[in-house]
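Residue-level listing of the chains:
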Amino acid sequence: MSSLHRQLSQLLGAWRRRRRVEDSLYAAAGFHCRTFCSTTSEPELLEIHKKKLFLWFSHLPQEEKQFGGYFSPETMHVDPLILEREAEERAGMLISPLKTVTPSSPSVTVEQLFEPSDGWSEGRGLNVLLYGAVGTGKSTVVRKLVLDWCTGRTLTQFKLLVPFSCEDLGQLSKVASLRDLVSRKYLHLRKHPLLSGEGNQAKDVLFLFNGMEKMNLDFRIGATELCSDPNEALSPGVVVVNLLRKYLLPEASILVTTRLSALDRVPQKYVSRYAQICGFNDPDRQRAYFNSRLLQQSGESARNQEANALIELLYLNLQRESQLAAACFLPSYCWLTCATLHFLHFTDAKAPIRTLTGIYTSFLRLNFGGEVLGARTGTNVPLQDHHSSLMLYVVRTLGKLAFDGVTHRRTSFSEKELEQWIGGKTKTDEELRQLVMFRTDVLDFFLAPCVESGKHLSEKPGENDKKRYVFAVPAMQEYLAALYVVLGENKSALEKLTSQVTKAIGQASEDVNTVVNIFSKFIPLRIFAVFNLLKLFPKLYEKISSHNKGNIARTMASEMFRTEDSYNEDVLDQVEQSLLGVHGPKPKQYSEGQPFELYPIFMGGLLHYGNRVLLQQLGCSIQSTTVAQITHALRKYLVRELSKPQPPEELMDLLVLLYEFQNPRVTAEVLASIRTINLANIRMTPLKCFVLSSVLSCTPASYHLEAMDLSSCLLNHDMLQMLWPAFRHTHNLNLQFNSLGPESCVLLRDLLLDPMSSIRSLQLCDNPLLESGACTLLGALPENRSLTHLSLMHTGLGDQGALELAERLQQHEGLLELNVAYNNIGDNAALALVDACREHPGLHTVHLYLNPLSDVAKQSLYVRGVPKSQGGRRVKVLASVTEGSDISEDWHPILSVIRKNASSWDRERVKQQLKVFLRDLDWGRQQQQSFWKRLHFRRVEKGVRQTLQQLEKDDLPPSSGYGR
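Residues numbered from 1 in each chain as written. Predicted model: local features only at pLDDT ≥ 70, side-chain atom pairs only at ≥ 80, totals over all residues. Heavy atoms only, no water.

Caption draft 1: Structural context of the overall build of the protein. A count of helices and strands for the protein gives 40 helices and 21 strands. Relative to its full complement of 964 residues, the protein shows a buried share of 52%. Across the protein, every contact between residues at least 6 apart in sequence was considered, and the portion connecting residues at least 24 apart equals 78%. Of the roughly 43900 Å² that the protein leaves accessible, carbon and sulfur atoms contribute 52%. (Helix = DSSP H or I, 4+ residues; strand = E, 2+ residues; numbered from the N terminus. Buried < 20%, exposed > 50% of the residue type's maximum accessible area, 1.4 Å probe, protein only. Contact = heavy atoms within 4.5 Å. Areas by Shrake-Rupley, 256 points an atom, 1.4 Å probe, with all protein chains shown as cover.)

The structure is reproduced here in structure tokens:
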């Protein structure tokens, strides 16, 4: 026994020493456990509480990090419109975002709601019920309120603010007193006298219950006992009910936030004031929100200028009372607008990968994460699992509506159609209760009245059949339709039947009779005996299931390559136009119906693991086997479709699909069938450049494209940096008609010097490289071994650049063709360059037309085209449509280049050169004795005159980016 006592005393001593060490650590870190609560003064405890609350509520959701992490809740918050409501109008409709009618009651702040009112007894705290639909900003208002109280900016009449999440309280199964509930989350307040219930100390306390709809509060006396002791242990719901009854701590004030459908859960007699959050009712509030999000994401002046321009375009679109204005009435859609624009315009190659599908999935998680259609029924029986997720209910109703719209190429729906798809057939009482809750809280979040020419369609009683609804943002229809399909909600009747049988067999024993009885419930026994489905079923079900997944993949491929949508702008430009509006002439649409090009892209993005994880949190599960089957089928269909040539817009959409898919293996296998990427005339942005580089980075090092055409893509130096990795996979690179200056030549030089690069042809026509840039680029010639064709037409080369090129030519023996046309090269520099070309071992053609060359120099150039030391091998010099007294063999390509590019060149300069051609042709014709040769001269002269007349009438087609 003595040894046992000795061991116990040693253990007790060790425990005491450990407790002292832990207490000292907690005190050093600023945390005071219950040992110190009695010795810490009340003001110190309140300061500790404020510091902790500030830290907790300053934490931003993961979704906010996509803006670069520059924000804090203080800088990005914009107060939504809050209206105080009378009890009889508490369930009134929201103010229309497109009406300028003054609200019936003035806007108020949360602080004003707690000012003493006439109808409430002194000595009793106020109960304020703050309500609003999904997306109006309830949680954001609560976060800002807590942070402002912590910093002493608001509600300073309350010494203590105690926030609770009703979602957390609703999950507690054990009984607990009010003091226990507080100390469970705020240990430092366990012994605080303000919560003791003694005297009227509780008048300095404000309780905040966020999301009351997630608790099943029952105010009936028979169901909820009365309690006035803060130390009495009861269920959390009973504690909250007694606080609202003013039976428990009657002096304390309470702020409750809830959705519209839960308003009547708190009897009117227990509510001092009703206040409704109405979102952003005017463009100025929306603009303030956009400023807080887009202007603070970067300190760079260039990016700030771009952000200011975006905000101006947004503001113009909102002022036009567009459909976007109806959506941005809800702050949540303002967030989605900012997130999408940030993704489209401020993509950073160093930032984490973000996708459009990921933005929409995160948007839904922010608004519907953990949301259910009522946690419990009136009898406290939990709902079925498949009915609990609010997001899954959205998919099965609005997703079905969206899918029908995409299938029939429609974006607007009548009230009858809404009733058909959302109301459906007769339902049970529980289903009707869920439907009412859904209509009240969620329906207006996704659907908005259709706006036509800035005005609502008629809402008169006799014209209800004309009133139509659309999805708040067009892309949401395509996202929900894609989610509806990928989740398998559009299964055939046969597949649903086989799924039921599979589930039943899995739950049954191996007894044959049991299995037969199960089958007989689904299939008549006579048919079952004939076909012996018991043996055939596993293979049959697998075949049906894989066939359905194949249908999904086939749908994705067919929607991606729809012939009638081929001439629409690429999908990223369509998304941008839906947000910023169309300024100037509206682009011509070749498709008769609405193009739904985001629909297949969203389906691909939903298969990505990161999006599936977020959807799992929303109660929408996409199985890995489903993803594998769809991916396998999709790869086959994409490879087959890519065997056909695709327009640049369609090819850009395919790259976006592969990027959203985020599956490197599938991307590499699909790209293996592509040998040419033609994106000519696509308006490239940093995002599109990043998408192209990201997709090509999935391919192995041995993969090479024959050609990449990025002519007339508005590329600049920054975009060139993002595309640099993609260029290493290319043999023929076309960068004509862009905005690449001398600084870009450093990147191009490094590209030519890169041992992994294998560029054979580099076309830089119509880029302002200037002499300095050209000299930088030519510095790569001595060490490069792959380049054979170099086009520097109309790049500002000048005499100095031509002379530099003449000196460098002998250091690069692989060059075969050189184009320096339209570069203001004079006689001497041109002669020196041709002299260098004729001594080059491989170069066979040099383009010198549209340079200010004299007639004598042209004649000398043709003579010098024959080298002195190589047995009479000619170097073809293209300086005019004539060659001496003969027609040049290449007159047609020269004229074609001028005709196709003249609209972007100096008109007077081109006209002058065409007149020189006519003079050359006239002189050459006079030297001919043969009638047929004169006739040939006349034919060429007619082509030149035709081009000159078109140029004078401004009748030439826009530049196509063609050059040699």
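What follows picks up the thread again.
Caption draft 2: Local environment of the side chain of Glu-597. Along the chain, Glu-597 falls in the loop between helix H25 (571-580) and helix H26 (598-606). At 2.4 Å, the side chain of Glu-597 and the side chain of Gln-574 are in polar contact. (Polar contact = N/O pair within 3.5 Å; in protein donor to acceptor, adjacent residues only side chain to side chain.)

Caption draft 3: A look at the packing of aromatic side chains. Overall, the coordinates contain 22 aromatic pairs when judged by the stated rule. Taken together, Tyr-333, Trp-335, Phe-363, Phe-368, Phe-445 and Phe-446 form an aromatic cluster joined through their ring pairs. When the ring centre of Trp-149 is taken as reference, the NZ or CZ atom of Lys-50 above it lies at 5.1 Å. Between Lys-636 and the ring centre of Tyr-637, over which it is positioned, the NZ or CZ distance is 5.4 Å. (Phe/Tyr/Trp six-rings, centres within 6.5 Å; stacked < 30°, edge-to-face > 60°. Lys NZ or Arg CZ within 6 Å of the ring centre and 35° of its normal.)

Caption draft 4: Structural context of the sheet that holds strand E8 (residues 447-449). Pairing in this open sheet of three strands is antiparallel, and the strands run E7-E11-E8 from one edge to the other. Here the strands that pair on one side only, and so sit at the sheet edges, are strand E7 (412-414) and E8. The mean inter-strand angle of the sheet, taken between neighbouring strand axes irrespective of direction, is 40 degrees. Pairing between E7 and strand E11 (residues 468-471): three bridges, direction antiparallel. Each bridged residue has a counterpart across the sheet, and for Phe-413 the counterpart in E11 is Tyr-469. Each of E7, E8 and E11 is contacted by helix H16 (residues 390-407), which is oriented at about 100 degrees to E11, the strand it contacts most. (Pairing = 2+ DSSP bridges. Axes fitted to C-alpha atoms, helices over the stretch in contact; angles between N-to-C directions.)

Caption draft 5: A look at helix H39 (residues 907-926). Helix length check: H39 (20 residues) gives 29 Å between terminal C-alpha atoms against 28 Å at 1.5 Å per residue, within 8%. All of the buried residues in H39 are Arg-909, Val-910, Lys-911, Gln-913, Leu-914, Val-916, Phe-917, Leu-918, Asp-920, Leu-921, Gly-924 and Arg-925. (Expected span 1.5 Å × (residues − 1).)

Caption draft 6: Representation of the packing of helix H14 (residues 356-368) against helix H27 (residues 609-617). Relative to each other, H14 and H27 sit at 15 degrees, their axes nearing to 10 Å. Relative to H27, H14 is oriented roughly parallel. Where H14 crosses over H27, the handedness of that crossing is left-handed. Residues Thr-357, Gly-358, Thr-361, Ser-362 and Arg-365 of H14 pack against Asn-611, Leu-614, Leu-615 and Gln-617 of H27. Of the residues assigned to the contact of H14 with H27, the class counts are two nonpolar, six polar and one charged. (Parallel < 35°, antiparallel > 145°, perpendicular 65-115°, else oblique. Left-handed = near helix turned anticlockwise from the far one by under 90°. Nonpolar A, V, L, I, M, F, W, Y, C, P; charged D, E, K, R; others polar.)

Caption draft 7: Spotlight on the pairing of strand E6 (residues 273-277). The buried fraction of E6 is high, at five of five residues. Residues of E6 alternate between two faces, with Arg-273, Ala-275 and Ile-277 on one and Tyr-274 and Gln-276 on the opposite face, all of them buried. As defined by bridge partners, strand E1 (residues 82-85) adjoins E6 across four bridges and the pair is classed as antiparallel. Paired with Glu-84 across the strands is Ala-275, a residue of E6. Pairing analysis gives four bridges linking strand E2 (residues 127-131) to E6, with the strands arranged parallel. Within the sheet, the bridge partner assigned to Tyr-131 lies in E6 and is Gln-276.

Caption draft 8: Geometry of empty space enclosed by the protein. Inspection of every chain in the model, using the stated rule, returns seven cavities of 30 Å³ or more. Lining the largest cavity, in full, are Leu-336, Thr-337, Thr-340, Tyr-360, Val-473, Pro-474, Ala-475, Val-575, Ser-578 and Leu-579. In terms of residue class, the lining of the largest cavity is built from seven nonpolar, three polar and no charged. (1 Å grid on protein atoms, 1.4 Å probe; cavity = no way out; pocket = protein on both sides within 12 Å on 5 of 7 lines; lining within 4 Å. Points joined across faces, edges and corners; volume = space filled by probe spheres on them.)

Caption draft 9: Representation of the environment of Glu-807. Relative to the elements of secondary structure, Glu-807 occurs in helix H35 (residues 798-808). Placed 25 residues apart in sequence, Glu-807 and Ala-832 show a C-alpha to C-alpha distance of 9.2 Å.

Caption draft 10: Representation of the pattern of salt bridges in the model. Here the structure, examined in full by the defined rule, presents 26 salt bridges. One salt bridge in this structure joins Glu-417 and Arg-468, with 3.6 Å as the shortest N-O distance. You can see Glu-417 sitting in helix H17 (residues 415-423) and its partner Arg-468 sitting in strand E11, a full 51 residues away along the chain. Residue classification places Glu-417 among the buried positions, given a relative accessible area of 19%. A residue is classified by how much of its surface remains accessible, and Arg-468, at 26% relative accessible area, is partly exposed. The partner of Arg-838 in a salt bridge is Asp-835, with the nearest N and O atoms 3.6 Å apart. (Salt bridge = Lys/Arg side-chain N within 4 Å of Asp/Glu carboxyl O.)

Caption draft 11: Up close: unusual backbone geometry. With a phi close to 45 degrees, Leu-249 is a non-glycine residue in the positive phi region. One can find Leu-249 in the loop between helix H9 (236-245) and strand E5 (253-258). In the Ramachandran plot, Gln-662 falls in the positive-phi region, its phi being about 55 degrees despite a non-glycine side chain. Looking at where Gln-662 falls in the secondary structure, it is placed in the loop between helix H29 (648-661) and helix H30 (664-671).

Caption draft 12: Layout of helix H8 (residues 178-185). Of the residues making up H8, those classed as buried are Leu-178, Arg-179, Leu-181, Val-182 and Ser-183. Each element contacted by the buried residues of H8 is listed here: strand E3 (160-165), helix H7 (166-171), strand E4 (205-210) and H9.

Caption draft 13: Examining the nonpolar core more closely. In this structure, Tyr-333, Phe-446, Met-476, Leu-735 and Leu-848 are the most contacted members of the largest nonpolar core, which totals 179 residues. With residues up to four places along the chain from it excluded, the contact list for Tyr-333 reads Ala-327, Cys-328, Phe-363, Phe-445, Phe-446, Ala-472, Val-473 and Met-476. The next biggest cluster of nonpolar side chains, apart from the first, holds 71 residues, and it includes Val-146, Val-182, Phe-207 and Phe-209. (Core = buried A, V, L, I, M, F, W, Y, C linked by side-chain atoms within 4.5 Å.)

Caption draft 14: Local environment of a nonpolar patch on the surface. A cluster of nonpolar side chains, Ile-221, Leu-226 and Tyr-247, forms an exposed patch at the surface whose accessible area comes to about 290 Å². Tracing the backbone shows Leu-226 in the loop between E4 and H9. (Patch = residues over 30% accessible without salt bridge, like charges linked within 9 Å, V, L, I, M, F, W, Y side chains within 5 Å.)

Caption draft 15: Local environment of the sheet that holds E6. The strand order across the open sheet formed by six strands is E1-E6-E2-E5-E4-E3, and the pairing between neighbours is mixed. One side of each edge strand has no neighbouring strand; the edge strands of this open sheet are E1 and E3. Strand-to-strand, the axes of this sheet are offset by a mean angle of 20 degrees, without reference to chain direction. With five bridges joining them, E2 and E5 adopt parallel strand pairing. Along E5, the bridge assignment pairs Tyr-131 with Thr-258. Packing of H8 onto the sheet brings it into contact with E3 and E4, and relative to E3 it is tilted by some 85 degrees.

Caption draft 16: Geometry of the pairing of E2. Most of E2 is tucked away: five of the five residues are buried. Side chains of E2 alternate between two faces, with Asn-127, Leu-129 and Tyr-131 and Val-128 and Leu-130 buried alike.

Caption draft 17: Fine view of the packing of H35 against helix H36 (residues 827-838). The interhelical angle for the contact between H35 and H36, taken along N-to-C directions, is 15 degrees, at an axis separation of 9 Å. It follows that H35 is roughly parallel to H36 by the angle criterion. Regarding H35 and H36, the two cross each other, and that crossing is left-handed. Contacts from Asp-799, Ala-802, Leu-803, Leu-805 and Ala-806 in H35 reach Ala-829, Ala-832, Leu-833 and Ala-836 in H36. The residue makeup of the contact of H35 with H36, split by class, is eight nonpolar, no polar and one charged.

Caption draft 18: Fine view of the side chain of Glu-213. Looking at the secondary structure, you find Glu-213 in the loop between E4 and H9. Here the side chain of Glu-213 touches Thr-258 through a polar contact of 3.1 Å, side chain to side chain.

Caption draft 19: Summary view of the environment of Asn-304. Relative to the helices and strands, Asn-304 is located in helix H11 (residues 301-319). Separated by ten residues in the primary sequence, Asn-304 and Leu-294 have C-alpha atoms spaced 8.3 Å apart.

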